[in-house]
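Geometric and topological summary
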Amino acid sequence: INHIVHNGGLYKRPFNEAFEETPMLVAVLTYVGYGVLTLFGYLRDFMRQWKIEKCQNATEREEQKDFVPLYQDFENFYNRNLYMRIRDSWNRPICSVPGAKVDMMERVSHDYNWTFTYTGRVIKGIINMGSYNYLGFAQKAGTCQEAASKVLSQYGAGVCSTRQEMGNLDKHEELEKLVARFLGVESAMAYGMGFATNSMNIPALVGKGCLILSDELNHASLVLGARLSGATIRIFKHNNMQSLEKLLKDAIVHGQPRTRRPWKKILILVEGIYSMEGSIVRLPEVIALKKKYKSYLYLDEAHSIGALGPSGRGVVEYFGLSPEDVDVMMGTFTKSFGAAGGYIGGKKELIDYLRTYSHSAVYATSMSPPVVEQIITSVKCIMGEDGTTVGEARVQQLAENTRYFRRRLKEMGFIIYGNEDSPVVPLMLYMPAKIGAFGREMLKRNIGVVVVGFPATPIIESRARFCLSAAHTKEMLDTALKEIDEVGDLLQLKYSRHRLVPLLDRPFDETTYEETED
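Residues numbered from 1 in each chain as written. Predicted model: local features only at pLDDT ≥ 70, side-chain atom pairs only at ≥ 80, totals over all residues. Heavy atoms only, no water.

Turning to the side chain of Ser-295, a few remarks are in order. Positionally, Ser-295 belongs in the loop between helix H8 (283-292) and strand E9 (296-300). Discounting residues that sit within four places of it in the chain, Ser-295 has contacts with Leu-248, Ile-266, Ile-268, Lys-290 and Asp-327. (Helix = DSSP H or I, 4+ residues; strand = E, 2+ residues; numbered from the N terminus. Contact = heavy atoms within 4.5 Å.)

Written out as C-alpha cells, the structure is:
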C-alpha cells in the first residue's frame, strides 16, 4: 500500500510511504515454517525431559521442585527452540569505533549456539549497515574526539553524584542551553540514558485520571513509561489519523469509565521515525488533531533528530512546523550525535517541573563530562557554530544516501517498508529460516547487518534493518547493494510485485512503477 499525500493545507512537501502487502504464498509458507519449528521444539523438549538430549536451558533446581516456580519453563519455549538456532546473528562483539566500517571478533559455536568461543581472529573492514550513526559522529579522530579528550583530562570520566547534589557541572548547563537553542524551545534538560528519558519522565507528566493515546508501534521505553504512570492507555493504529481522532472523540464524549468525569489530561505519544518500520509520523495531522481536541503531544525524536530536516533539527523542521506546537520534545544523543543520553525540551515551566519531579533528574547520576562534550561539539558542528559547513554537508549526505539506497533496493525487487526520506530501511525477509541465513550470508561477504524477528516484529514480518550514515561513501553503498542483490537471489527474497524501473534520465526524486507477473 502506497501512501502519497499532497495536502496543501497541512503538508508543505510530498509525503511518500510504502508498505507493500505480504504476498499470500509467502505468508502461508511463513506460518508453515513457524509451525514446523514449533513441532520440532515440542519434540526436543520431550527428548530433554527424558534425558535423550542434553538439557542446556535454565531449569528449577531439584531441591526447589516443590517451591512456587521462579522460572516459568514454557515462557521461554521460543527462546529455547527457535531463537537459539539463529542466536549467532545477534550480540556480535565488535572491537572498533562503530563507524562506516567496523572490526568484529570472530566466534564459533560447537553446541548449536548455546555457547560461543572466540577464535582470536578479528574480521576487519566490515561495512557497518546496522549502527545508528546517522551523521557519522561515531569516530576516533576529529574535533569531537579532541574536545572530549580535553574535557576528560580536566573533569575525569565520572561525576559520582546527581544533578541536585554535587553533580551539576558548568558543562551540563552549557549543553542544556545549546540543545534549547538547537530545538527552538524555551528550555531543555539532559539525561544520562535515552530509555530512561521516556520511561521515567512520562510518569511525572501523567497519572491516575489521565489518558494516554499511544501509537501501536511505539518504542518499549514509551510503553514502559505509560504503564508506570498509572494512566489509562488506549492504542491507535500506526500512523492512522482516523483511529486517533476516533479515540479522541470517544475520550471527550464519554470521559472516564464508570464516573464519566472528564479526563484530567489527554497525552498523545508518537515517535518521529519508527525504528522498525522506517515510517515518519504524520506530524501536521497529529498537531491539527491535538489542537482541535485540546490535548497534549509528546514527540519522541530519538531517530529523527539530526537525521531529518534541512539543518538536522528533526521531524518538526522536516514538515516546516513550529516547535511551539509540540508540548514535550524528547530525543536522544545516542544516534545522530554519537554519544549517550537523552533530552526533553519545551516550555520553561515544564522543564522546571521535571527538574524537581522526574525520577531521572532526582535519582540518576549526572552525565559523564566527556560524553557531554561530544554532544556539545557535534551539535555546534550541525548548527555551523564551529565555523565550518561540515555539519550541513553531513545532513545533506545522509539524505542523498537514504534516497539512493532505498531506490536501488526497490529496483532490485525487494519489499522495502517506510518513508522515502527515512534513514531506517527495513527489507522484508518474512520466513524464520531466512533471518539467520541473511545475517550469516551478509557477514560472509563482509557486510554487517541487523536482522529482526518476533517478538520485536509481528510473527510473519521478520526483516533486515539497514541504518544509513553520512559516513557511508557511494562506493561502500554500491558494494553493500551488490552483495544484498546476490544474497537476495540466493535466498529468494525479491518478493515485490511493484518493481521500480531504473531509468538513467529519470529525475532524482521521481518514481516509476511497473507491474510484474505474480
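Right, let's get into the UniProt feature "domain: Aminotransferase class I/classII large" (unreviewed entry) in the protein. The sites that UniProt annotates as "domain: Aminotransferase class I/classII large" (unreviewed entry) are residues 125-484. Between the first and last C-alpha atoms of residues 125-484 the distance is 17 Å; the span itself is 43% helix and 17% strand. (UniProt positions renumbered as here; feature names shortened; annotations may be inferred.)

What follows covers the packing of helix H14 (residues 432-444) against helix H15 (residues 474-491). One can describe the packing of H14 onto H15 by two numbers: an axis separation of 10 Å at closest approach and a directional angle of 140°. In terms of orientation, H14 lies oblique with respect to H15. The crossing of H14 and H15 is right-handed. Side by side, H14 and H15 meet where Lys-434, Ala-437, Phe-438, Glu-441 and Met-442 of the first sit next to Ala-480, Glu-483, Ile-484, Val-487, Leu-490 and Leu-491 of the second. Of the residues in the contact of H14 with H15, the class split is eight nonpolar, no polar and three charged. (Axes fitted to C-alpha atoms, helices over the stretch in contact; angles between N-to-C directions. Parallel < 35°, antiparallel > 145°, perpendicular 65-115°, else oblique. Left-handed = near helix turned anticlockwise from the far one by under 90°. Nonpolar A, V, L, I, M, F, W, Y, C, P; charged D, E, K, R; others polar.)

Right, let's get into the confidence of the model for the protein. Counting all residues, the mean pLDDT for the protein is 91, and 94% of those residues have values of 70 or more. Below pLDDT 50 for its whole length, residues 503-518 participates in 28 contacts with residues either more than four positions away or in separate chains. (pLDDT = per-residue confidence, 0-100.)

With that out of the way, let us pick up the domain arrangement of the protein. Considered domain by domain, the protein is made up of domain 1 (19-128 + 389-499) and domain 2 (143-383). Each of domain 1 and domain 2 has a C-alpha centre, and these two points are 29 Å apart. Taken together, both faces of the contact between domain 1 and domain 2 bury some 1,400 Å²; the carbon and sulfur share is 62%. Inspection of the domain 1/domain 2 interface yields one salt bridge. A salt bridge links Arg-463 to Glu-277; the shortest N-O distance between them is 2.9 Å. Elements supplying a minimum of two residues to the side of domain 1 that touches domain 2: helix H13 (390-412), strand E12 (418-419), strand E13 (424-430) and strand E16 (462-467). Counting residues per element, the side of domain 1 that touches domain 2 draws most heavily on H13, which supplies six residues. Considered class by class, the residues forming the side of domain 1 that touches domain 2 number ten nonpolar, five polar and five charged. (Domains from an automatic or database assignment. Buried area = accessible area lost by both parts, 1.4 Å probe. Salt bridge = Lys/Arg side-chain N within 4 Å of Asp/Glu carboxyl O.)

The next point concerns the pattern of salt bridges. Per the stated rule, a full pass over the model turns up 35 salt bridges. In this structure, Glu-385 and Arg-181 form a salt bridge, with 2.5 Å as the shortest nitrogen-oxygen distance. Of this pair, Glu-385 sits in the loop between helix H12 (369-383) and H13 while Arg-181 is found in helix H4 (residues 170-183), placing the two residues 204 residues apart along the sequence. Between Arg-445 and Glu-441 there is a salt bridge; the shortest N-O distance is 2.7 Å. A single network of salt bridges, built from pairs that share partners, joins Glu-441, Lys-444, Arg-445, Lys-482, Glu-483 and Glu-486.

Turning next to the sheet that holds strand E4 (residues 117-128). Taken in spatial order, the three strands line up as E3-E4-E14 in an open sheet, and their pairing is mixed. Two strands lie at the open edges of the sheet, namely strand E3 (101-108) and strand E14 (447-448), each paired on one side alone. (Pairing = 2+ DSSP bridges.)

So, about the pairing of E16. Consecutive side chains along a regular strand alternate between the two faces of the sheet. When you tally the buried positions in E16, you get six out of six residues, the bulk of the element. The pairing of E13 with E16 spans six bridges and is antiparallel. Bridge pairing links Leu-427 to Ala-464 in E16. Strand direction decides the pairing type here: strand E15 (residues 450-452) and E16, joined by three bridges, are antiparallel. Paired with Val-451 across the two strands is Ala-464, which belongs to E16. (Buried < 20%, exposed > 50% of the residue type's maximum accessible area, 1.4 Å probe, protein only.)

A grouping of Met-24, Val-28, Val-32, Val-36, Leu-39, Phe-40, Leu-43, Phe-46, Trp-50 and Ile-52 is seen on the molecular surface, where their side chains present a nonpolar patch of about 1,100 Å² in accessible area. Here Leu-39 is to be found in helix H1 (residues 24-49). (Patch = residues over 30% accessible without salt bridge, like charges linked within 9 Å, V, L, I, M, F, W, Y side chains within 5 Å. Areas by Shrake-Rupley, 256 points an atom, 1.4 Å probe, with all protein chains shown as cover.)

Another point: the environment of Asn-128. Relative to the helices and strands, Asn-128 is located in strand E4. On the accessibility criterion, Asn-128 (8% relative accessible area) is buried. Each C-alpha atom, one on Asn-128 and one on Glu-349, is 42 Å from the other, the two residues being 221 residues apart in sequence. In contact with Asn-128, other than residues within four places in its own chain, are Pro-98, Gly-99, Ala-100, Lys-101, Val-102, Gly-448 and His-472. Polar contacts involving the side chain of Asn-128 include one to the main-chain carbonyl oxygen of Gly-99, which spans 3.0 Å. (Polar contact = N/O pair within 3.5 Å; in protein donor to acceptor, adjacent residues only side chain to side chain.)

With that out of the way, let us pick up the nonpolar core. Ranked by internal contacts, the top residues of the largest apolar core, which has 106 residues, are Met-129, Phe-405, Leu-409, Phe-438 and Phe-466. Residues from two domains meet in this core; each of domain 1 (19-128 + 389-499) and domain 2 (143-383) gives at least three. Discounting chain neighbours no more than four positions away, the residues touching Phe-405 are Met-129, Val-425, Phe-466, Leu-468, Leu-477, Leu-481 and Ile-484. Grouped together as the second largest cluster of nonpolar side chains are 21 residues, Met-189, Leu-267, Met-330 and Leu-354 included. (Core = buried A, V, L, I, M, F, W, Y, C linked by side-chain atoms within 4.5 Å.)

In the structure shown here, the tally under the stated rule is two cavities of 30 Å³ or more. Reported here for the second largest cavity is a volume of approximately 70 Å³. Together, Arg-163, Met-189, Ala-190, Tyr-191, Gly-192, Ser-360, Ala-361, Ala-364, Thr-365, Ser-366 and Met-367 line the second largest cavity. Within the residue set of the lining of the second largest cavity, elements represented by two or more residues are strand E5 (187-191) and helix H11 (359-363). Looking at which element gives the most residues to the lining of the second largest cavity, the answer is E5, with three residues. The class makeup of the residues in the lining of the second largest cavity is six nonpolar, four polar and one charged. (1 Å grid on protein atoms, 1.4 Å probe; cavity = no way out; pocket = protein on both sides within 12 Å on 5 of 7 lines; lining within 4 Å. Points joined across faces, edges and corners; volume = space filled by probe spheres on them.)

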